[in-house]
Amino acid sequence: MNQPMPQQQPKYKFYPSLLDQFEKYLHVDREFESFFNRDKETEEYKKTYEEIETEMKQSLLDSINRVPFDSEPADKGTAFNDIVDYFIHNKPVKTQIVEDINSDTITATYNNRTFLFSYHFCCKAAEYFHGSVSQLFVKAVLPTKYGTVELYGYIDELNRNRVYDIKTTSRYEFGKYSEGWQRHVYPYCLISSGLVKDIDSFEYTAYHLKGGTSRTPLITGVQYPELYKYDHQQSQGLLARHCERFIEFLEVNRDLITDKKIFAEI
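Here is what the cut-offs are and how they apply
Residues numbered from 1 in each chain as written. Predicted model: local features only at pLDDT ≥ 70, side-chain atom pairs only at ≥ 80, totals over all residues. Heavy atoms only, no water. Helix = DSSP H or I, 4+ residues; strand = E, 2+ residues; numbered from the N terminus. Buried < 20%, exposed > 50% of the residue type's maximum accessible area, 1.4 Å probe, protein only. Contact = heavy atoms within 4.5 Å. Areas by Shrake-Rupley, 256 points an atom, 1.4 Å probe, with all protein chains shown as cover. Core = buried A, V, L, I, M, F, W, Y, C linked by side-chain atoms within 4.5 Å. Axes fitted to C-alpha atoms, helices over the stretch in contact; angles between N-to-C directions. Left-handed = near helix turned anticlockwise from the far one by under 90°. Nonpolar A, V, L, I, M, F, W, Y, C, P; charged D, E, K, R; others polar. Expected span 1.5 Å × (residues − 1). Polar contact = N/O pair within 3.5 Å; in protein donor to acceptor, adjacent residues only side chain to side chain. Phe/Tyr/Trp six-rings, centres within 6.5 Å; stacked < 30°, edge-to-face > 60°. Lys NZ or Arg CZ within 6 Å of the ring centre and 35° of its normal. Salt bridge = Lys/Arg side-chain N within 4 Å of Asp/Glu carboxyl O. Pairing = 2+ DSSP bridges.

Student: I keep staring at the overall build of the protein chain and nothing clicks. Help me out?
Tutor: Helix and strand counts for the protein chain come out as seven helices and nine strands. Its C-alpha atoms put the protein chain at 60 × 60 × 35 Å along the principal axes. Taking all 266 residues of the protein chain together, 45% fall into the buried category. Put simply, 67% of the contacts in the protein chain that link residues at least 6 apart link residues at least 24 apart. Within the structure as shown, the protein chain displays about 14900 Å² of accessible surface, and the carbon and sulfur contribution to it stands at 50%.

So this is what it looks like as structure tokens:
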């Protein structure tokens, strides 16, 4: 049986979406060369490399400092996730849910935004995760050359030896989440904390959502499972190296960081 790693006082505390944002920041060149940064007619760059780097750095710092961020797509995704959990466990969730089976609708209100989902679509999604443990909080320590990092977060769904993270998107291409860090963090935390003996795989369960407009208000979608095998030793090494690079960024920019939780000071 895997023994939990000895608890140490962490020097840093990271959650997966911060590691994801830092990953994007490391690839400013991709954003600079992307289709969206080119003028359709002239093919000239809309923004300079320096402008994009500054914007991405500020976005990362805003996340670290927990600056409030209002996003309708994010709220839609949270509402959908809540509906799935509500159907699985039949327990109250953060989203206000009103079902109408006869009209095949679920009215979901979250963060003062209301979305109209297809009842059949949501039922089918919930059936996929039947028997799962939902919104499981996990944490574990990770040794690095700069000190101990505490990794933490909430797992969307855990079923037997597979971890699931539900994603909603307006565009999907296979491999969309290949560089995501949740697939390393959550299984690592489960095993290193001793909660489970083994995790076989991690799945980003992506839903390409359609509808939600004034012309087509009912939201439906298509499921795209994106499955990755999990190797504990490999993920530990990848996590350590990525966290070390992130720590270097944090220390260089320490004077710009106002929320000290990331430094384990709260």
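Further notes follow.
Student: What is the right way to read the environment of Tyr 25 from this model?
Tutor: Take Tyr 25: it is sitting in helix α1 (residues 16-25). Each C-alpha atom, one on Tyr 25 and one on Ile 155, is 24 Å from the other, the two residues being 130 residues apart in sequence. With sequence-adjacent residues up to four places away left out, Tyr 25 is seen in contact with Glu 53, Met 56, Lys 57, Leu 60 and Phe 249.

Student: What is the right way to look at the nonpolar core in this model?
Tutor: Soluble, globular proteins show a tendency: their nonpolar side chains are buried together. In this structure, Phe 14, Leu 151, Phe 246 and Leu 250 are the most contacted members of the largest nonpolar core, which totals 48 residues. The contact partners of Phe 246, leaving out residues within four places of it in the chain, are Phe 14, Leu 18, Leu 19, Phe 22, Leu 60, Ile 64 and Ile 262. Counting residues in hydrophobic clusters, the runner-up holds 22 residues, among them Ala 108, Phe 117, Tyr 164 and Leu 209.

Student: Help me out: how do you make sense of the packing of helix α6 (residues 182-192) against helix α7 (residues 232-252) in this one?
Tutor: For any two helices packed against each other, one specifies the inter-axial angle together with the distance between the axes. Their axes nearest at 10 Å, the elements α6 and α7 cross at an angle of 115°. Judged by the sense of rotation from one axis to the other, the crossing of α6 with α7 is left-handed. Here α6 contributes His 184, Val 185, Tyr 188, Ile 191 and Ser 192 to the contact with α7, which in turn contributes His 232, Ser 235, Gln 236, Leu 238 and Leu 239. Among the residues forming the contact of α6 with α7, the class breakdown is five nonpolar, five polar and no charged.

Student: Help me understand helix α4 (residues 72-89) in this model?
Tutor: For the α-helix, the turn length of 3.6 residues means that residues three or four positions removed from each other point alike. With 18 residues, α4 should cover 26 Å at 1.5 Å per step; its first-to-last C-alpha distance of 26 Å lies within 8% of that length. Inspection of α4 places Asp 75, Lys 76, Gly 77, Ala 79, Phe 80, Asn 81, Asp 82, Ile 83, Val 84, Asp 85 and Ile 88 among the buried residues, and these make up the whole buried set. Residue Ser 71 occupies the N-cap position of α4, its side-chain oxygen lying 3.2 Å from the main-chain nitrogen of Ala 74. Once α4 ends, the next one or two residues include Asn 90, with phi positive near 55°.

Student: Please clarify how the packing of aromatic side chains should be interpreted in this entry.
Tutor: By convention here, two paired aromatic rings are described through the distance between centres and the angle between planes. According to the stated counting rule, one finds 26 aromatic pairs in the structure shown. Both rings, one in Phe 129 and one in Tyr 164, keep their centres 5.4 Å apart while their planes meet at 90°; by these two values the pair is edge-to-face. Taken together, the residues span a long stretch of sequence, with Phe 129 in the loop between α5 (119-128) and β5 (133-144) and Tyr 164 in strand β7 (residues 162-169) at a distance of 35 residues. For the pair Phe 129 and Tyr 164, a shared accessibility class is recorded, and that class is buried. Within the aromatic cluster, the residues linked to one another by ring pairs are Tyr 12, Phe 14, Phe 22, Tyr 25, Phe 246, Phe 249 and Phe 263. Sitting over the ring of Tyr 228, Arg 183 keeps its end group 4.2 Å from the ring centre. Above the ring of Phe 263, the side-chain terminus of Arg 254 is found at 3.8 Å from the ring centroid.

Student: I tried to follow the pattern of salt bridges on my own but got confused; where do I start?
Tutor: Side chains carrying opposite charge are able to pair once their charged atoms draw close together. Inspection of the entire model under this criterion finds ten salt bridges. Note that Lys 167 and Asp 165 form a salt bridge whose closest N and O atoms lie 3.3 Å from each other. By the burial criterion, Lys 167 is buried, and Asp 165 matches it. The partner of Glu 251 in a salt bridge is Arg 254, with the nearest N and O atoms 2.9 Å apart. Among the ionic contacts, a cluster of salt bridges with common partners joins Asp 70, Asp 75 and Arg 113.

Student: I would appreciate a short explanation of the sheet that holds strand β4 (residues 113-118) in the present structure.
Tutor: In sheet architecture, strand pairing relies on hydrogen bonds along the backbone and comes in two forms, parallel and antiparallel. An order of β2-β3-β4 is seen for the three strands of this open sheet, with the pairing classed as antiparallel. A single partner strand is all that each edge strand has here, and the edge strands are β2 (96-100) and β4. Along the sheet, successive strands turn relative to each other by an average axial angle of 20°, direction set aside. Sheet topology note: the strand β3 (residues 105-110)/β4 ladder contains six bridges and is antiparallel. Among the inter-strand pairings, Tyr 110 is bridged to a residue of β4, identified as Arg 113. On the sheet, α4 packs against β2, β3 and β4 and is oriented at approximately 55° with respect to β4. Sheet strands in contact with α5 are β2, β3 and β4, and its direction is about 80° off that of β4.

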